[in-house]
Amino acid sequence: MSVKIKNISIKGIRGAKESLELPLNGRSILLYGDNGTGKSSISDALEWFYTNRVSHLSSGEIDLKDALRNATLTDEDVSEVSVSYIKGEAFNATKSLFVKRGKLGSEFTNTTEEFGKYLDNSTKENLLLRYQYLRDFIDNTKGDKLKYLSDIIGFSEVTKKKDVLRKSYNSLKTEIKNQNFEAQINTQKEVLIKKIGAAISRKEDLIEVINKKTAPLKTGIEVKEIEDIDSLLEHLKKGTNNKLNEELTFLEKVKATTDTLKSEIEFINKEYDKYYEEFEKIAEDVESIMQTFLAELLKTGDTVLAKKYHKDESCPLCLQPKNIEDLRNEIAARLKEIEESSKKKALFDKAKQSIGAITVERIKRLDNLLLEKLIKQEEHKAIEAGTTALKEKIEKFQRASVEKVTSGNKIPNKDTVGFQASDFDFQSVIINRIKEIKKIQEKDNSAVVYSNVSSSKDAFVKIKYFEKQRIKLEKQRKTLEIIYNEFIKKQKEGLENFISTFSEKINGFYQYMNPDEPFQEIKIVTIGEDDELNGITIEYEYNGEWVSPPQKYFSESHLNCFGLSFFLASVEAFNDNNDFVLLDDVISSFDTNHRKRFAELIFEKFSKYQIILLTHEYDWFKNFVSPLAKKKNWIINEIKWTEDKGTFLDEKPNELKERIEKSIAESEIEGLGNPIRIYLEHSLKEICINLDVKVSFRYNDFNEKRMPDELINALKSRIKDKSKELKKELPTIERVANSALFGNLLSHDNPFNPKIGDLKAFWSDILALENIFVCDKEDCRRPRVSLKNYDNVAKNVRCGCGQTTYEWK
């Protein structure tokens, strides 16, 4: 779907006090207006209609709605922007701005879902360009350039997906590392070796060993599956000292857990040491890290300067005198420093996250031991104390991992808090007690067998669980790695393909406006490797060498040419819903040659688009663009402003008459009320001036113009006093005055919804009235009936040639 505009009507917005009509009927329009005439009222109104904002009015010091309203309006007046479309009547809508309960509110007349969807889609398109926005993309930082393009092509959503994949992949890697499956499996293998003499890895082998060891006991139970071992153990348990069995199970569990932790001493200490080093680096340069929090502020400040929200040569924060370009260069340098600090902070965050996750996992294992009921018994106090000491030690790691580097506090080094082999000396208590229990159980073969079978079964099950978890996580990691790498590859290919095509468009438009210059080619290129893609920049080939950035060598005019090329390329690339664009004074900084080439570019390359072109450059308008626009059947007009009327189009009567008749012929009568009122008023004024018709003075605060009814009444009185012949024409004049349409024309607030037949009749009456006072002879040089041609002898008022003559006394 691509739509063009049929009509724009603006009333009470910015400089447009009265109704300002742009009856486009899908045609392009060229509008000239001197500074201060209110050209931007049109662009402001259209921007507000589509985006609910006006960029150059969007600041904390300006209330947008209040700024949009014409300053002379009262609370009872309603401001509004109406837009209708060719082939898109379903989207026709008026957006109103009105005072309700002391506050300004706004609403659309079209509340359909279809229109809402069209409006949402249009908001994302490139519909309007002002001069002050030409360099926005060029002056953005590399990261902001990427974000800008990413947002308009939907690439930001792709980046979000990539970040989710990367986080998931890194999370799996961290999980595998933190679980340290190898250490946990080795510990359990040692249990198997001690209990059954081999680190069995197959279920069948374990079952065979258990059946052999229990055969002498003649239990009558044959183990065929792992689940059968529980039945066997239950049988053996009846003939053993259950209390000793439970204690032995508890002790072996504590030993296995602490053995695993002991085997991880080097791993944990190394990870903590890495974190300590990163912490020290950051702590020694906290200021640079603090700067990373200023990045967003600096970027926002640069945007304020780039968009010229702050125009004075001073810092917008401290208001100290400062050259804006110097200030922007300083901001760019600081952002560069912050990039380095951000890399240091990323390494620190990674180490911090690692030690945090490691400590959480180990504390969880030790907490499980401390929840064992036997650990609270008096005879196991040493075990509880040793386990608690291990937990307290690892909690020191954990506290260090959450210490804020900006606090000024130091964290202990590895030598102070690192694990030592002596931390596990309390295991001797466990080992000795296990030996004692086994010695007791030596007299009870069933107890020994029970212990060995129970422990080996638990160790085997745990090994299988750890192996299964490790295999599952490794598979997930590998799968995610493949997906992630393919995603990155496709993402990069997709972006580069788009940027390549997009660059060709930009370069094509730029070269069109700058032929035969040393800048042979311009292109946009990505910055960063694969998943580290972090920005885009602009490069150009200058005398055979690629250089960057363009601000370094380009003139103001060349930079603006690039900005214009970028906007036009964006229109072609991204505008799917609309085939119109508004260009507001975009060539102000161009030299004569660039202005000429830009005009040729618009008429040659963008002929399929409906262009609303506003300019205050009179010579360019008059001598160059207007002739081209006439050839292409554009509407051409001038914008004027007066205190009583506000902004209005200075349409010549002949042009107005031609437009009205064309609209009536094509039954395009929407928005035709005001043009007819203007034409009739103009025609009556001319007749009254020619016949010296006096209109009585009536004070009016806002509008001193004469309304058609005043003019007609005064004209009728004058005719009755002066001419019997013209009195015969009064019925024609009164047909206009008595028309219901005439009544509607007198007030802007009245509806104007006539049928085409009524309108044709009314227009015919207006022309008939006008023809009473105009000679129809082609060679009459002064066709208007006027007192300037008064015949003192015959006492007639007449036209220049005398064919149209009336008695006048």
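Quick caveat: nothing in here was measured; it's all calculated off a predicted structure.

### So, the packing of helix H10 (residues 242-263) against helix H18 (residues 445-513)
In step 1: As a packed pair, H10 and H18 sit with axes 11 Å apart at the nearest point and diverge in direction by 35°. Pair H10 / H18 crosses with right-handed handedness. Listed contacts from H18 to Asn245, Leu248 and Glu252 of H10 are Ala447, Tyr450, Ser451 and Ser455.
In step 2: Partitioning the contact of H10 with H18 into residue classes produces 3 nonpolar, 3 polar and 1 charged.

### Re the pattern of salt bridges
In step 1: With the rule as written, the count across this model stands at 54 salt bridges.
In step 2: Two residues, Arg130 and Asp44, come together in a salt bridge whose shortest N-O distance is 2.9 Å. Placement of the pair is Arg130 in strand S7 (residues 128-130) and Asp44 in helix H1 (residues 39-51), with a sequence separation of 86 residues.
In step 3: Arg130 sits in the buried class, given a relative accessible area of 2%.
In step 4: Taking the shortest distance from any N to any O, the salt bridge between Lys177 and Glu271 comes out at 2.9 Å. Taken together, the residues Lys177 in helix H6 (residues 155-179) and Glu271 in helix H11 (residues 265-284) connect sequence positions 94 residues apart.
In step 5: Through salt bridges with shared partners, a single network forms among Arg14, Asp44, Glu47, Arg130 and Asp584.

### Details of the packing of helix H8 (residues 203-214) against H18
In step 1: Close contact between H8 and H18 brings their axes to 11 Å; oriented N to C, the two are set at 175°. By the angle class used here, H8 and H18 are roughly antiparallel. Judged by residue contacts, Lys203, Leu206, Ile210, Lys213 and Thr214 of H8 engage Val449, Val453, Ser456 and Phe460 from H18.
In step 2: Class assignment for the residues of the contact of H8 with H18 results in 5 nonpolar, 2 polar and 2 charged.

### Some thoughts on the UniProt feature "coiled-coil region" (unreviewed entry) in the protein
In step 1: UniProt's feature table lists "coiled-coil region" (unreviewed entry) at residues 251-278, given in the numbering used throughout.
In step 2: The span residues 251-278 shows a helical share of 96% and a strand share of 0%, and its end C-alpha atoms are spaced 39 Å apart.

### Observations concerning a positive patch on the surface
In step 1: Positive charge collects at one region of the surface, where Lys622, Lys630, Lys640 and Lys652 lie side by side.
In step 2: Within the fold, Lys622 resides in helix H21 (residues 618-631).

### Quick look at the side chain of Asp579
In step 1: One can find Asp579 in the loop between helix H19 (556-574) and strand S11 (580-584).
In step 2: Despite its burial, Asp579 remains without a salt bridge, the nearest opposite charge being carried by Lys608 at 4.8 Å.
In step 3: Once residues within four sequence positions are removed from consideration, Asp579 is found in contact with Ser2, Val3, Lys4, Lys608, Tyr609 and Gln610.

### What to know about the pairing of strand S1 (residues 4-11)
In step 1: In terms of burial, S1 is a largely internal element, 6 of the 8 residues being buried.
In step 2: Where S1 lies against strand S4 (residues 79-86), 7 bridges are found, and the strand directions are antiparallel. Note on S4: the bridge partner recorded for Ile5 is Tyr85.
In step 3: Bridging between S1 and strand S2 (residues 20-23) involves 4 bridges; their strand directions are antiparallel. Counterpart to Ser9 in the pairing with S2 is Glu21.

### Some points on the environment of Thr249
In step 1: Among the secondary structure elements, Thr249 is positioned in helix H10.
In step 2: Expressed as a C-alpha distance, the spacing of Thr249 and Val449, which sit 200 residues apart in the sequence, is 13 Å.

### A look at the sheet that holds strand S9 (residues 535-542)
In step 1: Spatially, S8-S9-S10 is the arrangement adopted by the 3 strands of the open sheet, whose pairing is antiparallel. This sheet does not close on itself; its edge strands, each paired only once, are strand S8 (519-527) and strand S10 (545-547). Between one strand axis and the next, the sheet turns through 30° on average, direction left out of account.
In step 2: With 3 bridges connecting them, S9 and S10 associate as antiparallel partners.

### Quick look at the pairing of S9
In step 1: With respect to burial, S9 is a largely interior element, 6 of its 8 residues being buried.
In step 2: Pairing between S8 and S9: 8 bridges, direction antiparallel. From the neighbouring strand, Val525 faces S9, where its bridge partner is Thr537.
In step 3: Here S9 folds back onto S10 in antiparallel fashion, the turn holding 2 residues, of which Asn543 has a positive phi close to 50°.

### Observations regarding the confidence of the model for the protein
It should be kept in mind that the predicted coordinates are not to be read in detail where pLDDT is low.
In step 1: Counting all residues, the mean pLDDT for the protein is 86, and 96% of those residues have values of 70 or more.
In step 2: In this model, residues 700-704 is a region of pLDDT below 50 whose contacts with residues beyond four sequence positions or in other chains number 5 contacts.

### Things to note about the environment of Ser354
In step 1: When you line up the elements, Ser354 lands in helix H14 (residues 324-370).
In step 2: In this structure Ser354 comes out as buried when scored by relative accessible area, which is 9%.
In step 3: Along the backbone, Ser354 and Lys177 are 177 residues apart, and their C-alpha atoms lie at a distance of 9.0 Å.
In step 4: Excluding anything up to four places from it in sequence, Ser354 contacts Lys177, Asn178 and Glu271.

Criteria and cut-off values
Residues numbered from 1 in each chain as written. Predicted model: local features only at pLDDT ≥ 70, side-chain atom pairs only at ≥ 80, totals over all residues. Heavy atoms only, no water. Axes fitted to C-alpha atoms, helices over the stretch in contact; angles between N-to-C directions. Helix = DSSP H or I, 4+ residues; strand = E, 2+ residues; numbered from the N terminus. Left-handed = near helix turned anticlockwise from the far one by under 90°. Contact = heavy atoms within 4.5 Å. Nonpolar A, V, L, I, M, F, W, Y, C, P; charged D, E, K, R; others polar. Salt bridge = Lys/Arg side-chain N within 4 Å of Asp/Glu carboxyl O. Buried < 20%, exposed > 50% of the residue type's maximum accessible area, 1.4 Å probe, protein only. Parallel < 35°, antiparallel > 145°, perpendicular 65-115°, else oblique. UniProt positions renumbered as here; feature names shortened; annotations may be inferred. Patch = residues over 30% accessible without salt bridge, like charges linked within 9 Å, V, L, I, M, F, W, Y side chains within 5 Å. Areas by Shrake-Rupley, 256 points an atom, 1.4 Å probe, with all protein chains shown as cover. Lys, Arg positive; Asp, Glu negative; His and termini not counted. Charge placed at Lys NZ, Arg CZ, Asp CG, Glu CD. Pairing = 2+ DSSP bridges. pLDDT = per-residue confidence, 0-100.

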